[in-house]
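# Observations on the model geometry
The primary structure of each chain is shown beneath.
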Amino acid sequence: MRVRTLLVWCFLLACAPAWAQSGQQRARAAGSDLVGTPAPRLVLKTIDGQTLDLGRLYGKQAVYLKFWATWCVPCREQMPHLERTFEQAGPNLAVIAINAGFDDTLADVQRYRRELGLKMPIVLDDGTLGQAFRLRVTPQHIVIGRDGRIQYVGHLADARLDAALAAAQAPAATVADAKGAPVDLPPIGIGDRVPALAASTLDGAPFRLRDGGRPTVLAFLSPWCETYLDGKRAGARPALAASCRAAREQVDALAQRHPDVRWLGVASGLWATPGELREYRKAYGVTIPLTLDAAGTWFRAFRVMHVPTLLLIDRQGRLARRLEGVGPQFEAELKALSAP
């Protein structure tokens, strides 16, 4: 059963045309409520230090934002289309490449740019743009018309995207009242009280972060990390895949030994649905409660941009430990916080 499940993941994420169809469906579903709405007025900073004020572009230029990641196979396949669009863009179109920032560092992005010879402005997202434009897949295309309204959200670099880019450059009679950036909670440091977040697990049980006088461990994950990032293809991250596997195994073992601790696996909504998270749970026999953070609320609240990330919260609801990956000292700290 496990082998069959992993083959299904391979089929969905990298190995067959159905993957592309799945990506388009996810992007269109995520953007269904965005199309026709005013785009947010966000100020972006490129990896070269250039400031791009989207609000100042509305009314003057159409804007094409392409979300991508260095580990993403279709992103690499679509880069010639993005480069060609940038090179051929006239004065009515601004083209900006948005690295999703998920398990990518500035060094990763700079190395990727050199390798592919990219020339367009590149922004490394901290999650703000992904939240504002409901990022669910990579690549994800956002086309904003000269009137400042979102006109298209998609995944494929196809005729529909090209038509949307052409239509977006039509002159705007008026400019929509644009939204501001998503409101962020203040950064949470070691010793800070955690926010009063709540979620429903896959089984429908409520989970309140500040509920209850017991230590809590949040395990941030992606259900495809162990399979999609493993291997020899371009962009593969076998070390990261191994880290995801080791963290899952460590969390599962610790949860069995420490039933007095509350555990919650928080899965990214990037390339994941509740059904796929259930498949992940079944394939690996995951026993801790899982929740899908589809909107990215938990990831943004704790500024988590890499998986696996483990957060240890004490009895008083304060952040005690943050660990990216696994560590032998984690259980000792868990025991210390669990002591009466």
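Relevant structure appears above.
The following refers to the structure shown. In this text, all values refer to a predicted model and were calculated from it rather than measured experimentally. Residue indices begin from 1 for each chain and proceed along its sequence in written order. Residues qualify for local features only when their pLDDT is at least 70, as the model is predicted, and side-chain atom pairs are given and counted only at 80 or more; totals for whole chains, interfaces and linings, by contrast, use all residues. With hydrogens and water stripped out, all remaining heavy atoms of the structure feed into the side-chain values.

### Let's talk about the sheet that holds strand 11 (residues 262-268)
Through backbone hydrogen bonds, the strands of a sheet pair up, either in parallel or in antiparallel fashion. Criterion used throughout: strands pair if DSSP finds at least two bridges between them. The secondary structure listing takes helices from DSSP runs of H or I that are at least 4 residues long and strands from runs of E that are at least 2 residues long, numbered from the N terminus. Spatially, 12-11-10-13-14 is the arrangement adopted by the five strands of the open sheet, whose pairing is mixed. The strands lining the two open edges of the sheet, one partner per strand, are strand 12 (290-293) and strand 14 (319-324). Each neighbouring strand pair of the sheet contributes to a mean axis angle of 20°, computed without reference to strand direction. In terms of strand pairing, strand 11 meets strand 12 through four bridges, oriented parallel. The residue bridging Ala-267 from the neighbouring strand is Leu-292, located in strand 12. Two residues form a contact once any of their heavy atoms are found within 4.5 Å. Lines fitted to the C-alpha atoms define the axes, with helices restricted to the stretch that makes contact. Angles between their N-to-C directions range from 0 to 180 degrees. Relative to strand 11, helix 9 (residues 238-257) is tilted by about 160°, and along the sheet it contacts strand 10 (216-221), strand 11 and strand 13 (309-313). On top of the sheet, helix 10 (residues 274-284) reaches strand 10, strand 11 and strand 12; it is set at about 145° to strand 12, its chief contact.

### Points about the sheet that holds strand 7 (residues 150-154)
Sheet architecture is open: five strands sit in the order 5-4-3-6-7, paired in mixed fashion. Looking along the sheet, the strands with just one partner apiece sit at the ends: strand 5 (122-124) and strand 7. Neighbour to neighbour, the strand axes of the sheet diverge by 20° on average, direction disregarded. Relative to strand 4 (residues 93-99), strand 3 (residues 62-68) runs parallel, the two sharing seven bridges. Among the inter-strand pairings, Leu-65 is bridged to a residue of strand 4, identified as Ile-96. Across the face of the sheet, helix 5 (residues 106-116) comes into contact with strand 3, strand 4 and strand 5 while running at roughly 160° to strand 5.

### Here we look at the pattern of salt bridges
Pairs can form between side chains of opposite charge once their charged atoms are near each other. Note on definitions: salt bridges are taken to be side-chain nitrogens of Lys or Arg within 4 Å of carboxyl oxygens of Asp or Glu. For the structure on display, the rule yields 15 salt bridges. Residues Asp-104 and Arg-237 are paired through a salt bridge, measuring 2.6 Å at the closest nitrogen-oxygen approach. Separated by 133 residues along the polypeptide, Asp-104 in the loop between strand 4 and helix 5 and Arg-237 in the loop between helix 8 (225-228) and helix 9 bring together distant segments of the chain. Think of it in three bands: with a 1.4 Å probe and only protein chains considered, a residue is buried below 20% of the maximum accessible area for its type, exposed above 50%, and partly exposed in between. Given a relative accessible area of 19%, Arg-237 falls into the buried group. Note that Glu-226 and Arg-245 form a salt bridge whose closest N and O atoms lie 3.6 Å from each other.

### Considerations on the nonpolar core
Within this scheme, the nonpolar core is defined by two criteria: the residues are buried Ala, Val, Leu, Ile, Met, Phe, Trp, Tyr or Cys, and they are joined through side-chain atoms within 4.5 Å. Ranked by size, the top nonpolar core spans 80 residues in total, and within it Phe-133, Trp-298 and Phe-302 carry the most contacts. In this entry, domain limits derive from an automatic or database-based domain assignment. When we break this core down by domain, the ones giving at least three residues each are domain 1 (19-169) and domain 2 (192-338). Those residues within four positions of Phe-302 in sequence are excluded, and the remaining contacts are Ile-188, Val-194, Pro-195, Leu-197, Leu-209, Leu-218, Phe-220, Leu-311 and Arg-322. Among the nonpolar cores identified, the runner-up in size contains 24 residues, and Ala-219, Leu-254, Trp-263 and Ala-272 belong to it.

### Some points on helix 9
Multiplying one less than the number of residues by 1.5 Å gives the expected span of a helix. For helix 9, which comprises 20 residues, the first-to-last C-alpha distance of 29 Å matches the rise-based estimate of 28 Å (1.5 Å per residue) to within 8%. Of all the residues in helix 9, the buried ones are Leu-240, Ala-241, Cys-244, Ala-247, Arg-248, Gln-250, Val-251, Leu-254 and Ala-255.

### Topic: the side chain of Asp-293
The topology assignment puts Asp-293 in strand 12. Setting aside anything within four residues of it in sequence, one finds Asp-293 in contact with Val-266, Ala-267, Ser-268, Gly-269, Trp-298 and Phe-299.

### Regarding the packing of helix 4 (residues 73-88) against helix 5
One way to put it is that helix 4 packs onto helix 5 with a least axis distance of 12 Å and a crossing angle of 45°. By the angle between their axes, helix 4 is oblique relative to helix 5. Of the two elements, helix 4 crosses helix 5, and the hand of that crossing is right-handed. For the pair helix 4 and helix 5, the contacting residues are Cys-75, Arg-76 and Met-79 in the first and Tyr-112, Glu-115 and Leu-116 in the second. Its residues assigned to classes, the contact of helix 4 with helix 5 comprises four nonpolar, no polar and two charged. Any angle from 65 to 115 degrees is called roughly perpendicular, while one under 35 is roughly parallel, one over 145 is roughly antiparallel, and all others are oblique. For a crossing to be left-handed, the near helix must be turned anticlockwise from the far one by less than a right angle; the clockwise case is right-handed. Note that Gly is not counted as nonpolar here; it falls among the polar residues with everything else outside the nonpolar set of Ala, Val, Leu, Ile, Met, Phe, Trp, Tyr, Cys and Pro and the charged set of Asp, Glu, Lys and Arg.

### Regarding the pairing of strand 10
Burial analysis of strand 10 places six of its six residues in the buried class, which makes it a mostly covered element. Neither face of strand 10 is left uncovered, since the one carrying Thr-216, Leu-218 and Phe-220 and the one carrying Val-217, Ala-219 and Leu-221 both have all their residues buried. Both strand 10 and strand 11 contribute to a ladder of six bridges, which runs parallel. Paired with Leu-218 across the bridge in strand 11 is Leu-264. Where strand 10 and strand 13 come together, five bridges link them in antiparallel fashion. Across the sheet, Ala-219 pairs through a bridge with Leu-310, a residue of strand 13.

Any functional reading would require information beyond the geometric quantities listed.
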